[in-house]
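Structural description and commentary
Chain residues, written in single-letter form:
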Amino acid sequence: MQDSPLETYDFETGMYRPPSEGGSASLLVRLTRNCPWNHCTFCAMYKSEKFELRKPEDIIQDINVMNDIYLQIKKMSIKLGQEGQITNQAVGEFIKKAPGLYFHPGISMLLTWLASGGKTVFLQDADSLIMKTDHMIQVLNHLKTTFPTIERITSYGRSRTIARKPAADLEKIRKAGLDRLHIGLETGDAALLKKIKKGATPEDHVKGGQKAMEAGFQVSEYWMPGLGGKTFSKDHAANTAHTLNLINPHYIRSRPFTPRPGTILHEKASRNELDRLTPKEQLLEIKQTLKALDVTSKVCFDHAGNFWSAPNGQLLLTHDYEGYQFPKEKENLMALIQKGIDHYSSPFIS
């Protein structure tokens, strides 16, 4: 293979992926640009960008470019007597021939993925399943053929998109290689879903989640403690638990509400128009949700937003991606939550 000019190394990389996919050094492959809904009042992602479906041939070209980079580095490694391993020296020698790659937003991600064994992939951006089924299968087949070391492929997915997708298509996509779906539930309360302009109902969430489970995907549902403030707290907790019980996903991941700059809810917070929960009230709401959960899911707090501390000053809850297995570890988790509530009840803790 001849050394290629810089322009042949052009491939797209989006900004966002779940923490569990970054921690596992996932390859980021961009199938769509931005979010097809993009009206949620709590979300700052993609707000300045227009949604676009990418052509499958362009995505396949990106995959080919990333593979070409891999082959060039492997070739350099062999030349250096390093048996094709992805070493710093081999990478450095390759980059010398294409110095513009120093500034490519995706090159560090690609190199980290290659060095870690090339096992996991995350499909960007916000709702890959909105693609035509045959297009997605075409991309998945090419991805797995090009990189046979891949063991897991994951993506974000909107409940409503999944609910509208034929069950047969979902199963075809799963069999083609998409293994895990990350779904933003946020809440199971109908009034709160409408207030935050989620573009989905509890029924959409249940239908989408159940169809994803039935198709054989590994499903992560994300819920947002504190999203409804004091006004919605009890209904938010109760109805979210009810919705999750009907889905019984593999993972339930906590993403506590924080007003993000550039969002409607941040503007309201800056005007003191939100009745936000204190840390103690957040834990009380989480306790209500967890108590009502009747699932076999892993409940996870794998995000910095789950900040509560224990009396010893350490984090109250583990940020491990595998979390707490229900029902086996439910009692233990409930005890930890109560310990946090007692801690934040101290007059010396705000």
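Keep in mind that what you see is a predicted model, and the values were worked out from it rather than measured. For every chain, the first residue of the written sequence is number 1, and numbering continues from 1 along that sequence. For this predicted model, a pLDDT threshold of at least 70 governs which residues receive local features, and a threshold of 80 or more governs which side-chain atom pairs are given and counted, while totals over whole chains, interfaces and linings are taken from all residues. Here the side-chain values reflect all heavy atoms present in the structure, with hydrogen atoms and water set aside.

1. Here's the deal with the overall build of the chain
In this description a helix means any DSSP run of H or I spanning at least four residues, a strand means any run of E spanning at least two, and both kinds are numbered starting from the N terminus. Secondary structure assignment for the chain yields 13 helices and ten strands. To get the radius of gyration, use the C-alpha atoms; to get the globule rule, take the number of residues to the power 0.38 and multiply by 2.2 Å. On C-alpha atoms alone, the chain measures out to a radius of gyration of 22 Å, which is about the 20 Å that the 2.2 N^0.38 rule sets for 350 residues. Counting only C-alpha atoms, the chain reaches 65 × 45 × 45 Å along its principal axes. Note on contacts: a residue pair is in contact if any heavy atoms of the two residues lie within 4.5 Å. Long-range pairs, those at least 24 residues apart, make up 76% of the contacts in the chain with a sequence separation of at least 6. Summed over its atoms, the accessible surface of the chain is roughly 16300 Å², and 52% of this surface lies on carbon and sulfur atoms. Counting rule for charge: Lys and Arg are taken as positive, Asp and Glu as negative, and neither His nor the chain ends is counted. We put the charge of a Lys on NZ, of an Arg on CZ, of an Asp on CG and of a Glu on CD. In the chain, the 45 positive side-chain charges and the 39 negative ones have mean positions that sit 2 Å from each other. Reported accessibility uses the Shrake-Rupley method at a 1.4 Å probe radius. Residues are deemed covered only where the shown protein chains occlude them.

2. Quick look at the layout of surface pockets
Only protein atoms enter the calculation, which uses a 1 Å grid: trapped sets of points that fit a 1.4 Å probe without letting it out are cavities, open sets showing protein on both sides within 12 Å along at least five of seven lines are pockets, and any residue with an atom within 4 Å of a point is a lining residue. Grid points are joined across faces, edges and corners, and a volume is the space filled by probe spheres set on the points. Computed from the structure, the largest pocket encloses a volume of approximately 920 Å³. Around the largest pocket, the lining comprises 36 residues; the ones closest to its centre are F42, C43, M45, Y156 and E186. Taken together, the elements giving at least two residues each to the lining of the largest pocket come down to α6 (159-164) and β6 (180-186). Looking at which element gives the most residues to the lining of the largest pocket, the answer is β6, with four residues. Looking at the lining of the largest pocket, its residues break down into 19 nonpolar, nine polar and eight charged. Estimated volume of the second largest pocket: approximately 260 Å³. For the second largest pocket, the lining is made up of 16 residues, of which Y70, I86, L114, G117 and T149 are closest to its centre. All amino acids are sorted into three groups, where Ala, Val, Leu, Ile, Met, Phe, Trp, Tyr, Cys and Pro are nonpolar, Asp, Glu, Lys and Arg are charged, and the leftover types, Gly among them, are polar.

3. Focus: the UniProt feature "domain: Radical SAM core" (unreviewed entry) in the chain
UniProt positions are given in the numbering used here, feature names are shortened, and annotations may be inferred rather than shown by experiment. Sites flagged by UniProt as "domain: Radical SAM core" (unreviewed entry) map to residues 21-296. Annotated as 49% helix and 13% strand, the span residues 21-296 places its first and last C-alpha atoms 22 Å apart.

4. Observations concerning the packing of helix α2 (residues 56-79) against helix α5 (residues 133-146)
The axes of two packed helices give the description: the angle between them and the distance between them. Where α2 meets α5, the closest approach of the two axes is 10 Å, and the angle between their N-to-C directions is 10°. In terms of orientation, α2 lies roughly parallel with respect to α5. Here P56, I59, I60, I63, N64 and N67 of α2 come into contact with α5, specifically with H135, Q138, V139, H142, L143 and T146. Residues of the contact of α2 with α5, tallied by class, amount to six nonpolar, six polar and no charged. Every axis in this analysis is a line fitted to C-alpha atoms, fitted for helices over the stretch in contact. Angles between the N-to-C directions lie between 0 and 180 degrees. The cut-offs work like this: below 35 degrees is roughly parallel, past 145 is roughly antiparallel, 65 to 115 is roughly perpendicular, and the gaps in between are oblique.

5. A short note on empty space enclosed by the protein
Tallied over the full model, the rule gives one cavity of 30 Å³ or more. Forming the boundary of the largest cavity are G226, F257, R276, L277 and Q282.

6. Thoughts on the pattern of salt bridges
A pairing counts as a salt bridge when a side-chain nitrogen of Lys or Arg comes within 4 Å of a carboxyl oxygen of Asp or Glu. Across all of its chains, the model carries 17 salt bridges by this definition. Note that K198 and E186 form a salt bridge whose closest N and O atoms lie 2.9 Å from each other. Here the residue K198 occupies a position in the loop between α8 (190-195) and α9 (202-214), and E186 occupies one in strand β6, the gap between them amounting to twelve residues. Only protein chains enter the accessibility calculation, which uses a 1.4 Å probe; a residue is then buried when its area is under 20% of its type maximum, exposed when over 50%, and partly exposed in between. Overall, E186 belongs to the buried group, its relative accessible area being 7%. One connected set of salt bridges, linked through shared partners, spans E12, R30, R33, E52, R54, D62 and D125.

7. So, helix α4 (residues 107-115)
Within α4, burial applies to I107, M109, L110, L111, W113 and L114. Residues of α4 that are buried in the fold lie against β1 (27-30), α2, α3 (88-97) and β4 (120-124). The first or second residue beyond α4 is G117, which carries a positive phi of 110°.

8. Quick word on α5
A rise of 1.5 Å per residue sets the reference length of α5, with its 14 residues, at 20 Å; its end C-alpha atoms lie 20 Å apart and thus fit the reference within 8%. Along α5, the residues that are buried comprise T133, M136, I137, V139, L140, L143 and T146. Where α5 is buried, its residues meet β1, α2, β4, β5 (152-156) and α7 (167-176). Multiply 1.5 Å by the residue count of a helix minus one, and that product is the helix's expected span.

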